[in-house]
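Coordinate analysis (summary)
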Amino acid sequence: MAKAPKKSAADKAAPILQNGKVRSGRRNRNALQPRSRAAPSPSIPPRRQSNLHRRTREYLTPAEVEKLLQASSKVGRHGARDRTLILLAYRHGLRVSELVTMRWEQIDLKAGLVHVARLKNGLASTHPIRGPELRALRELRRDYPDSPYLFVTERGGPMTSATARKLIARAGELAKLPFPIHPHMLRHSAGYKLANEGHDTRSIQQYLGHRNITHTVRYTELSPDRFKGFWKD
């Protein structure tokens, strides 16, 4: 059987005629069609606003924290648990991940001490526990005696970071704070309060577990006590 002759390069480059017209492939037809801008898909979430557009500052004043504590005790069936969570986050400058993973073995109720295990390569430290915290922790221990974690869900498992964010945001709405809040604002609130009370920057650095002191300087830079005596009226 004779083999079909091979096509030359000129034959390959020549257009293929169909009914006297050049036949174009599907890809070429699509390339010649004008492109239109497609409308954004409704499944794509809107772009997240920056913190600056949502709030004017990233910390709460002591009066605002007190409002938040009072509001949290009135939300849902676990008001005492939620209030204790916010109180510890504020008093010890805890990140939300450090808060929900805290275990009872870190608490010494008799000595009034808490071992703070910092995450994100932070410095661990031991903090004293004052009267309001001791009373809240003892009540929490009575309510949830079987869990190794301080903050648990109704099923007895450890609380997640997402749950802690939701309950703190909900307490902020109930307290009618002027802007939406998130858990890390409580850590900043602790830093600003300690700086406003005149504590030295190095001590605040150790208390919050900062390895780099530049992360601590932000609190002392905004302390109003730095400007006392500027005007003599």
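Scope of this entry: the structure provided in the associated data block. (Residues numbered from 1 in each chain as written. Predicted model: local features only at pLDDT ≥ 70, side-chain atom pairs only at ≥ 80, totals over all residues. Heavy atoms only, no water.)

**A short note on the packing of helix α4 (residues 62-72) against helix α8 (residues 161-174)**
Note the threshold: Helix axes are fitted only over the stretch in contact, all axes being lines through C-alpha atoms; the angle between N-to-C directions runs from 0 to 180 degrees. Secondary structure is summarised from DSSP: a helix means a run of H or I of at least four residues, a strand means a run of E of at least two, and numbering begins at the N terminus for each. Here the word oblique covers every angle except those under 35 degrees (roughly parallel), over 145 (roughly antiparallel) and from 65 to 115 (roughly perpendicular). Note on definitions: a residue-residue contact is assigned when non-hydrogen atoms from the two residues lie within 4.5 Å.
Close contact between α4 and α8 brings their axes to 8 Å; oriented N to C, the two are set at 105 degrees. When the interaxial angle is binned, α4 and α8 end up roughly perpendicular. Facing α4, whose interface residues are Leu68, Ala71 and Ser72, α8 presents Ile168, Ala171, Gly172 and Leu174.

**Here's the deal with the pairing of strand β4 (residues 113-116)**
Applied cut-off: For every residue, the accessible area obtained with a 1.4 Å probe (protein chains only) is divided by the maximum for its type, and the residue is called buried under 20%, exposed over 50%, and partly exposed between those limits. For two strands to count as paired, DSSP must find a minimum of two bridges between them.
Of the two faces of β4, only one is covered, namely that formed by Val114 and Val116; the face formed by Leu113 and His115 stays uncovered. Sheet topology note: the strand β3 (residues 107-108)/β4 ladder contains 2 bridges and is antiparallel. Across the sheet, residue Ile107 finds its bridge partner in β4, namely Val114. Joining the antiparallel neighbours β3 and β4 is a turn of 4 residues, in which Gly112 adopts a positive phi near 70 degrees. Taken together, the 4 bridges between β4 and strand β5 (residues 125-128) define a ladder with antiparallel strand orientation. Across the sheet, residue Val116 finds its bridge partner in β5, namely Ser125.

**Quick look at the pattern of salt bridges**
Close approach of charged atoms allows side chains with opposite charge to pair. Applied cut-off: Definition used for salt bridges: Asp or Glu carboxyl oxygen within 4 Å of a side-chain nitrogen of Lys or Arg.
This structure, assessed with the given rule, holds 8 salt bridges. Two residues, Arg91 and Glu133, come together in a salt bridge whose shortest N-O distance is 3.1 Å. In this pair, Arg91 sits in helix α5 (residues 79-92) while Glu133 sits in helix α7 (residues 131-143), placing the two residues 42 residues apart along the sequence. The class for Glu133 is buried, based on a relative accessible area of 2%. The structure contains a network of salt bridges with shared partners spanning Arg95, Glu98 and Arg118.

**As for the nonpolar core**
Let me state the cut-off plainly: Nonpolar core, defined: a set of buried Ala, Val, Leu, Ile, Met, Phe, Trp, Tyr and Cys residues in which side-chain atoms within 4.5 Å join the residues together.
By size, the foremost hydrophobic cluster in this structure holds 40 residues, and its most contacted members are Leu60 and Leu150. Listing elements by their share of this core, those giving two or more residues are α4, α5, α6 (96-100), β4, α7, α8 and α9 (184-196). Among the elements that line this core, the one with the most residues is α5, at 6 residues. Residue contacts for Leu60: discarding those within four places in its chain leaves Val65, Leu68, Leu177, Phe179, Ile181, Met185, Leu186 and Ser189. Core analysis: the next-biggest nonpolar cluster, separate from the first, contains 6 residues, Tyr192, Leu194, Ala195 and Leu208 among them.

**Remarks on a nonpolar patch on the surface**
Convention followed: Every patch collects residues that have over 30% relative accessible area and no salt bridge, joining them within 9 Å if they carry like charges and within 5 Å if they are nonpolar side chains (Val, Leu, Ile, Met, Phe, Trp, Tyr). Accessibility throughout is a Shrake-Rupley quantity obtained with a 1.4 Å probe, and a residue counts as covered only by protein chains that appear here.
Residues Phe227, Phe230 and Trp231 make up a contiguous nonpolar surface patch of roughly 450 Å² in combined accessible area. With respect to the element layout, Phe230 can be found in the segment after α11 (214-221). On the accessibility criterion, Phe230 (56% relative accessible area) is exposed.

**Focus: the side chain of Gln205**
Position of Gln205 among the secondary structure elements: in helix α10 (residues 201-208). Those residues within four positions of Gln205 in sequence are excluded, and the remaining contacts are His210, Arg211, Asn212, Ile213 and Thr216.

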